[in-house]
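The lines below spell out each chain.
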Amino acid sequence: MPERILVAEYKSSSSDKIYRVTSYAGALSCDCPAWRFKKGDKERTCKHVQMAGGVSSPAKPAATTAKTRRYEPMLAEPGSLVDASGSGGAFLYEVKHDGVRALAYVDQGKVRLYGRRGAEYTAGFPELVEGGLGCLPGVAVLDGEVLCLDEQGQPEFARIQGRVHRQDALAVRMGVKEMPATFMAFDLLALNGVDLTSQGQQVPLAARKELLRHLLEAGGASTSGLEVARKVACEFLKKPEP
């Protein structure tokens, strides 16, 4: 079952009340009076949902964010070394995939792929555009890596190198047949018009991953990459998986 995810909080201008914008199965809602007293038509909204950058109804997603803004991959940054075993679980583990970093812009079944430095990969990976990514609902921007797997199901960088620069249609078709690619998503940067990474209103990474999980499940896509990261983290801490 989908979980309700906190997207943003706003303080009332007339009291100390805090109003919360949440996402459930990709649809936004708010607990303010303006939202509660407006009945459920397709235009249902409030100023807090609007400030969060999105719309309330999944039947009418705000496609402008994914179409007009160019996002950047969420790159690792240097930080202080901590003892994760004593952190109480307040950390996340990411698998280092041996692939090519890419952002997937999904808009109602239409997909565009861009590399870390802005190069477009869409035409070079038709199996991703027409396959799993194209089945995802709504409007979203996914951060992940394009991988080519070997016969044992392990990523092999030499294979993805042999695919990423192919432009000729025949060469692309041969690459799809000989070295099929997969997209391993590990972060969700925007969903149905809501920028999940904007400064001051950034949704925590753990919550973005849960939203990503729900999105992938809704599109019938695999969540194995998220599960592997969770399993490795639990084994490191020697704790049972949640």
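Model, not experiment: these values are computed from the prediction.

The rules behind each value
- Residues numbered from 1 in each chain as written.
- Predicted model: local features only at pLDDT ≥ 70, side-chain atom pairs only at ≥ 80, totals over all residues.
- Heavy atoms only, no water.
- Helix = DSSP H or I, 4+ residues; strand = E, 2+ residues; numbered from the N terminus.
- Contact = heavy atoms within 4.5 Å.
- Areas by Shrake-Rupley, 256 points an atom, 1.4 Å probe, with all protein chains shown as cover.
- Buried < 20%, exposed > 50% of the residue type's maximum accessible area, 1.4 Å probe, protein only.
- Arc of directions from axis to C-beta.
- Pairing = 2+ DSSP bridges.
- Salt bridge = Lys/Arg side-chain N within 4 Å of Asp/Glu carboxyl O.
- Phe/Tyr/Trp six-rings, centres within 6.5 Å; stacked < 30°, edge-to-face > 60°.
- Lys NZ or Arg CZ within 6 Å of the ring centre and 35° of its normal.
- Expected span 1.5 Å × (residues − 1).

## A short note on the overall build of the protein
Within the protein, the secondary structure is distributed over eight helices and eight strands. Considering only residue pairs separated by 6 or more positions, the protein has 59% of its internal contacts joining residues 24 or more positions apart. Carbon and sulfur atoms provide 54% of the accessible area of the protein, an area that totals close to 13600 Å².

## Concerning the environment of His-48
Considering the arrangement of structural elements, one finds His-48 in helix 2 (residues 47-51). The exposure class assigned to His-48 is buried, which follows from its relative accessible area of 5%. Along the primary structure His-48 and Glu-9 are separated by 39 residues, whereas in three dimensions their C-alpha atoms are 8.3 Å apart.

## Brief notes about helix 5 (residues 157-164)
Listed in full, the buried residues belonging to helix 5 are Arg-159, Ile-160, Arg-163 and Val-164. Relative to the axis of helix 5, the buried residues are bounded by an arc of 125° and lie together on one face. The inward-facing, buried residues of helix 5 contact strand 4 (100-107), helix 4 (126-129), strand 6 (139-148), helix 6 (169-178) and strand 7 (181-191).

## Thoughts on the sheet that holds strand 7
The strands making up a sheet associate through backbone hydrogen bonding, with each pair oriented either parallel or antiparallel. Pairing in this open sheet of five strands is antiparallel, and the strands run 5-4-6-7-8 from one edge to the other. The open sheet is flanked by strand 5 (110-115) and strand 8 (194-195), the only strands paired with a single partner. Pairing geometry for strand 6 and strand 7, over nine bridges, is antiparallel. In the sheet register, Val-146 faces strand 7, and the bridge partner there is Phe-183.

## Points about the pattern of salt bridges
Summed over the entire model, instances satisfying the criterion amount to eight salt bridges. Note that Asp-143 and Arg-101 form a salt bridge whose closest N and O atoms lie 2.9 Å from each other. Of this pair, Asp-143 sits in strand 6 while Arg-101 sits in strand 4, and the two are 42 residues apart along the sequence. Assessed through its relative accessible area of 0%, Asp-143 is described here as buried. A relative accessible area of 18% places Arg-101 in the buried class. Connected via shared salt-bridge partners are Glu-151, Glu-156 and Arg-159.

## Observations regarding the packing of aromatic side chains
The full count for this structure, using the stated rule, is three aromatic pairs. Residues Tyr-71 and Tyr-105 carry aromatic rings whose centres are separated by 6.5 Å and whose planes lie at 55° to one another, so their mutual orientation is tilted. One end of the pair, Tyr-71, is in the loop between helix 3 (64-68) and strand 4; the other, Tyr-105, is in strand 4, with 34 residues separating them in the sequence. As far as burial versus exposure is concerned, Tyr-71 and Tyr-105 are alike and both buried. A ring pair is formed by Tyr-105 and Tyr-114, whose centres lie 5.5 Å apart and whose planes are at 85°; its orientation type is edge-to-face. Like Tyr-105, the residue Tyr-114 is buried in the burial classification. Taken together, the ring pairs connect Tyr-71, Tyr-105 and Tyr-114 into an aromatic cluster. Sitting over the face of the ring of Tyr-114, Arg-70 holds its NZ or CZ atom 4.3 Å from the ring centroid.

## A look at the pairing of strand 1 (residues 4-11)
In the sheet, strand 1 pairs with strand 2 (residues 18-24) via seven bridges, with the strands oriented antiparallel. Looking at strand 2, one finds that Arg-4 is bridged to Tyr-24. Where strand 1 folds back onto strand 2 in an antiparallel hairpin, the turn is made up of six residues.

## Remarks on the environment of Asp-98
Here Asp-98 lies in the loop between helix 3 and strand 4. Other than its neighbours up to four places away in sequence, Asp-98 contacts Glu-145, Leu-147, Pro-155, Glu-156 and Phe-157.

## Focus: helix 7 (residues 205-218)
Relative to the 20 Å expected for 14 residues at 1.5 Å per residue, helix 7 spans 20 Å between its end C-alpha atoms, a close match to the ideal helical length. Along helix 7, ten of the 14 residues are buried, which leaves the element largely enclosed by surrounding structure. Once helix 7 ends, the next one or two residues include Gly-220, with phi positive near 70°.

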